[in-house]
Amino acid sequence: MTGADPGDDPGFALLTAKISRDRGFGCASYKEKCLRRRIAVRMRARGVHTYADYARLLDHDTGEYERLLDALTINVTKLFRNWETYDAIERLVVPVLLRRPDPALRVWSAGCSSGEEPYSLAALFHRQAERAGTLPALARRLDVLGSDIDRGVLETAARGVYKAAAFADTPADLRDRYFRPEAGGFGVVPEIRSLVRFDRRDLLSDPPPVGGLHLITCRNVIIYFDRATQEALFERFHQALAPGGFLVLGKVETLLGHTRTLFATVEPRERIFRKQ
Ligand SMILES: C[S@@+](CC[C@H](N)C(=O)[O-])C[C@H]1O[C@@H](n2cnc3c(N)ncnc32)[C@H](O)[C@@H]1O
């Protein structure tokens, strides 16, 4: 797009309905402003001025469809992103969970992008279990599931190899302990990799994993959803958690409306909540 703003273009609703129909991407639950901005980036890149023309382009160019979906599912992430949040999880959540008598500890990183978040969580559990002398039990007990709507990022997640830039927030001792130089960057060590598995899941249409979860992290994902969708998701997270289970949101995300009464606040700055 080289000038005209397609802001009032009535083709927007038709285009988003088409995307949802063709690709099962639930546009209706995302904030409209956010969708418009992301779609405008692709239209500009292709020199298209109206939503109708862009819809026609999508019909003939599957490569463009992939690029559009990439633009809609913002995959930016890092290992130990916002270290202060992980520091709080390591102090306030991990030791509490390791002390639980449950035979399994179930962690779900919802919207995990390329896997940095679930591997970071697994490393913290490993470090704390080692300090507590309970490492042998951890491999049997801990199950970290990373899920995302985007199959492309999940392939990267399964490889578990990251470039140096992904470590910008990572303390040196954690990087040296849990990653090894490998072709293409630094690979997660096998003892961490074996604690983590990945699954393709759409938060809007697939149910949470069954069974009582002990920790759900859903960071920098719901920010793109409208308010009603966010509230419905918080309710589902609450149902999926075991009693006393924890929920961690992104730094600019928080519980809304009546869902605030479902959780106690553990650490307000780091958005750590606990099922009441
Ligand atoms: C910005 S990344 C956040 C990654 C990580 N949680 C973090 O905070 O660094 C947002 C991720 O949410 C995923 N996502 C967006 N909509 C989704 C949906 N409906 N279901 C599951 N994942 C979704 C995107 O594919 C993307 O990988």
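Here is a short report on the structure shown in this document. (Residues numbered from 1 in each chain as written. Predicted model: local features only at pLDDT ≥ 70, side-chain atom pairs only at ≥ 80, totals over all residues. Heavy atoms only, no water.)

Focus: the site of the ligand
At step 1: In the vicinity of the ligand there are 21 residues, among which Y30, T77, D148, L203 and N220 approach most closely.
At step 2: At 2.6 Å from an oxygen atom of the ligand is found a side-chain nitrogen or oxygen belonging to D148.
At step 3: If the ligand stood free it would expose 600 Å²; the protein chains cover 99% of that surface.
At step 4: Of the residues in the shell around the ligand, the class split is 8 nonpolar, 6 polar and 7 charged. (Near = heavy atom within 4 Å. Polar contact = N/O pair within 3.5 Å; in protein donor to acceptor, adjacent residues only side chain to side chain. Areas by Shrake-Rupley, 256 points an atom, 1.4 Å probe, with all protein chains shown as cover. Nonpolar A, V, L, I, M, F, W, Y, C, P; charged D, E, K, R; others polar.)

Quick word on the sheet that holds strand β5 (residues 185–188)
At step 1: Sheet architecture is open: 3 strands sit in the order β3-β5-β4, paired in antiparallel fashion. Bordering the open sheet on either side are β3 (161–162) and β4 (179–182), each of which pairs with just one other strand.
At step 2: Judged from the 2 bridges that link them, β3 and β5 form a sheet pairing that is antiparallel. The residue of β5 that forms the bridge with V161 is G187. (Pairing = 2+ DSSP bridges. Helix = DSSP H or I, 4+ residues; strand = E, 2+ residues; numbered from the N terminus.)

A few points about the nonpolar core
At step 1: Core analysis: the largest hydrophobic core is formed by 42 residues, its most contacted members being I19, I39, Y54, L203, F237 and L247.
At step 2: At the level of secondary structure, the elements contributing two or more residues to this core comprise α1 (11–23), α2 (32–46), α3 (51–60), α4 (62–72), β1 (105–110), β7 (213–218), α12 (227–240) and β8 (241–249).
At step 3: Contact partners of L247, with chain neighbours within four places excluded, come to I216, F237, L241, L255, F263, R271, I272 and F273.
At step 4: Core analysis: the next-biggest nonpolar cluster, separate from the first, contains 36 residues, A122, L124, F179 and L195 among them. (Core = buried A, V, L, I, M, F, W, Y, C linked by side-chain atoms within 4.5 Å. Buried < 20%, exposed > 50% of the residue type's maximum accessible area, 1.4 Å probe, protein only. Contact = heavy atoms within 4.5 Å.)

Some remarks on the packing of aromatic side chains
At step 1: What the rule picks out here adds up to 10 aromatic pairs.
At step 2: Centroid distance F80 to Y86: 5.3 Å. Interplanar angle 70°. Geometry classified as edge-to-face. Across this residue pair, the class does not change: F80 and Y86 are buried.
At step 3: Considering the side-chain rings of Y119 and F198, the 5.6 Å spacing of their centres and the 70° angle between planes classify their relative orientation as edge-to-face. Remark: F198 occurs in strand β6 (residues 196–200) and Y119 occurs in helix α7 (residues 116–132); sequence separation between them is 79 residues.
At step 4: What makes Y119 buried here is its relative accessible area of 2%. (Phe/Tyr/Trp six-rings, centres within 6.5 Å; stacked < 30°, edge-to-face > 60°.)

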